[in-house]
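One letter stands for each residue in the lines below.
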Amino acid sequence: MILTAISLGTIIQGVYQAEKRQELGYRDMDSAYEFLALLQQDLPINTFAFGQGVPELYGLMGWDTRCHVIDFSDRTELALQYVRDSLEQEECFFAFLQDAEFILEENPGVWYPYKQYEYAGDVYVYFRRNP
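Values in this document were obtained by computation on a predicted structure and should not be read as measured data. (Residues numbered from 1 in each chain as written. Predicted model: local features only at pLDDT ≥ 70, side-chain atom pairs only at ≥ 80, totals over all residues. Heavy atoms only, no water.)

**Student:** Honestly, the environment of tyrosine 33 in this entry has me stumped. Any pointers?
**Tutor:** Inspection of the secondary structure assignment puts tyrosine 33 in helix H2 (residues 29-42). A C-alpha to C-alpha distance of 9.8 Å links tyrosine 33 and leucine 57, two positions 24 residues apart in sequence. (Helix = DSSP H or I, 4+ residues; strand = E, 2+ residues; numbered from the N terminus.)

In structure tokens form, the structure reads like this:
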């Protein structure tokens, strides 16, 4: 009985999440392609990038994030240090906003948000280095 209740709850939650994603446009490929066209227009090709959804977006554009860490989403210290070290040589980067916050907090005043994008309820930002 308990397993049935847990299973039913999981199914209901999964359906709710799928419907929510549908409302946000996760399956609307026309809006996805419009978003990708905007990124291609605004960002230099292969701009250093990281964070939730970024490898998928870049993959659809045929771009390379140049941030090759395994499981960045786990935010291991090794992954964060890789990003820190890589950004020392960069003039700009693109990221899922929440995943970029550690860089902004550790380096106040170094980066500024040049342009912010919202797609399917997620916020991405193109950052540039302050002169």
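From this point, the narrative continues.
**Student:** Where do I start with the packing of aromatic side chains in this structure?
**Tutor:** Each pair of aromatic rings is reported with the distance of its centres and the angle of its planes. Counting across every chain of the model gives 15 aromatic pairs. Geometrically, the ring pair formed by tyrosine 58 and phenylalanine 94 is stacked, given 6.2 Å between the ring centres and 20° between the ring planes. Separated by 36 residues along the polypeptide, tyrosine 58 in helix H3 (residues 54-61) and phenylalanine 94 in strand S2 (residues 92-96) bring together distant segments of the chain. A relative accessible area of 0% means that phenylalanine 94 is categorised as buried. One residue, arginine 128, lies across the ring of tyrosine 114, its end atom 3.6 Å from the ring centre. (Phe/Tyr/Trp six-rings, centres within 6.5 Å; stacked < 30°, edge-to-face > 60°. Buried < 20%, exposed > 50% of the residue type's maximum accessible area, 1.4 Å probe, protein only. Lys NZ or Arg CZ within 6 Å of the ring centre and 35° of its normal.)

**Student:** Help me out: how do you make sense of the packing of H2 against H3 in this one?
**Tutor:** Helix packing geometry: the angle between the two helix axes and the distance between the axes. Look at H2 against H3: their axes get within 10 Å of each other, and the N-to-C directions meet at 85°. The orientation of H2 with respect to H3, classified from their angle, is roughly perpendicular. Contact residues: Phe35, Leu36, Leu39 and Gln40 in H2; Leu57, Leu60 and Met61 in H3. Considering only residue class, the contact of H2 with H3 consists of six nonpolar, one polar and no charged. (Axes fitted to C-alpha atoms, helices over the stretch in contact; angles between N-to-C directions. Parallel < 35°, antiparallel > 145°, perpendicular 65-115°, else oblique. Contact = heavy atoms within 4.5 Å. Nonpolar A, V, L, I, M, F, W, Y, C, P; charged D, E, K, R; others polar.)

**Student:** Sorry if this is basic, but what is going on with unusual backbone geometry here?
**Tutor:** It is generally the case that most residues other than glycine have a negative phi and that most peptide bonds are trans. Of note, arginine 66 is a non-glycine position whose phi angle comes to about 60°, a positive value. Here arginine 66 lies in the loop between H3 and helix H4 (77-87). Even without being glycine, alanine 120 reaches a positive phi, approximately 50°. Among the structural elements, alanine 120 can be located in the loop between strand S3 (111-119) and strand S4 (122-129). Take alanine 120: its relative accessible area is 9%, and that puts it in the buried class.

**Student:** So what exactly am I meant to see when it comes to the sheet that holds S2 here?
**Tutor:** Hydrogen bonds along the backbone pair up the strands of a sheet, which may run parallel or antiparallel. Pairing is mixed across the open sheet formed by four strands, whose spatial order is S1-S2-S4-S3. Each edge of the open sheet carries a strand with a single partner, namely strand S1 (49-50) and S3. One ladder, built from five bridges, connects S2 with S4; its direction is antiparallel. Across the sheet, the residue bridging to cysteine 92 is arginine 128, located in S4. (Pairing = 2+ DSSP bridges.)

**Student:** What is the right way to look at the pairing of S3 in this model?
**Tutor:** Within a regular strand, side chains alternate between the sheet's two faces. Sheet topology places S3 next to S4; eight bridges connect them, and they run antiparallel. Residue tyrosine 117 lies in a different strand from S4, and its bridge partner there is tyrosine 124. Connecting the antiparallel pair S3 and S4 is a turn made up of two residues, with alanine 120 showing a positive phi of about 50°.

**Student:** Explanation requested: the nonpolar core in the structure shown.
**Tutor:** Side chains of nonpolar character tend, in soluble globular proteins, to be buried together. Judged by nonpolar contacts, the single largest core of 19 residues is most densely connected at Phe35, Leu39, Leu43, Tyr58, Phe94, Tyr117 and Tyr124. Contributions of two or more residues to this core are made by H2, H3, S2, S3 and S4. Leu80, Val83, Ala100 and Val125 belong to the second largest nonpolar core, which has 14 residues in total. (Core = buried A, V, L, I, M, F, W, Y, C linked by side-chain atoms within 4.5 Å.)

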